[in-house]
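Summary of structural features
Read off the chains here:
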Amino acid sequence: MMSFECECGNKTVMFATGDRDEQGREYIEIEDDERLTFTIGDKSVLFRCSFCGYTYRLEQI
C-alpha cells in the first residue's frame, strides 16, 4: 500500500489489486479517485489534488 498526502492535508491511499502484469509487477488502484487525479505523460506522471488543485510532477529518470 502507498499513501499520498497533499500540502493541504488531503490524504488518499493506493492499494495493490492482486493482479500482475507479464513481468510480475502488481497493479495499484487509488482508494478514493475523487481525492486525487493523475495524468500520464511521455516522461512524467502528474498527480493533482482535487481539493486544492495543487499539482505534483513525478519525473521519469
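In this report, the structure presented in the accompanying data block is examined. Within each chain, residues carry numbers counting from 1 in the order of the written sequence. Only residues with pLDDT of at least 70 get local features here, since the model is predicted, and only at 80 or more are side-chain atom pairs given and counted; chain-wide, interface and lining totals rely on the full set of residues. Values shown for side chains rest on all heavy atoms present in the structure; no hydrogens or waters enter the calculation.

Sheets are built from strands that pair by backbone hydrogen bonding, the pairs being arranged parallel or antiparallel. Reading across from one edge, β1-β2-β3 is the order of the three strands in this open sheet, with antiparallel pairing throughout. The open sheet terminates on both sides in strands that have one partner only, identified here as β1 (2-5) and β3 (26-30). Direction aside, neighbouring strands of the sheet carry axes that sit 30 degrees apart on average. Judged from the four bridges that link them, strand β2 (residues 11-20) and β3 form a sheet pairing that is antiparallel. Within β3, the position partnered with F15 by the bridge is E29. Paired strands, in this sense, are two strands between which DSSP finds at least two bridges. Strands here are runs of E lasting at least two residues and helices are runs of H or I lasting at least four, both read from the DSSP assignment and numbered beginning at the N terminus. All axes here are fitted lines through C-alpha atoms, helices being fitted over the stretch that makes contact, and every angle between N-to-C directions spans 0 to 180 degrees.

With that settled, consider the layout of surface pockets. For cavity detection a 1 Å grid was placed over the protein atoms alone, and a set of points counts as a cavity when a 1.4 Å probe fits there but cannot get out; an open set counts as a pocket when protein lies on both sides within 12 Å along at least five of seven lines, with lining residues being those that have an atom within 4 Å of a point. Grid points are joined across faces, edges and corners, and a volume is the space filled by probe spheres set on the points. When its volume is computed, the largest pocket comes out at roughly 180 Å³. Taken together, M2, M14, I28, E29, I30, F38, I40, V45 and F47 form the lining of the largest pocket. Looking at which element gives the most residues to the lining of the largest pocket, the answer is β3, with three residues. Gly counts as polar in this scheme, as do all residues outside two lists: the nonpolar Ala, Val, Leu, Ile, Met, Phe, Trp, Tyr, Cys and Pro, and the charged Asp, Glu, Lys and Arg. Partitioning the lining of the largest pocket into residue classes produces eight nonpolar, no polar and one charged.

The next point concerns the pattern of salt bridges. For this analysis, a salt bridge means a side-chain nitrogen from Lys or Arg found within 4 Å of a carboxyl oxygen belonging to Asp or Glu. Under the defined criterion, the tally for this structure stands at three salt bridges. The closest approach of N and O atoms between R25 and D21, which form a salt bridge, is 2.8 Å. Partly exposed residues are those whose accessible area sits between 20% and 50% of the maximum for their type, while under 20% is buried and over 50% is exposed, using a 1.4 Å probe and protein chains only. You can call R25 exposed: its relative accessible area is 51%. Put simply, R57 and E59 hold a salt bridge, and the shortest N to O gap is 3.1 Å. On the basis of relative accessibility, which here comes to 44%, the residue E59 falls in the partly exposed class.

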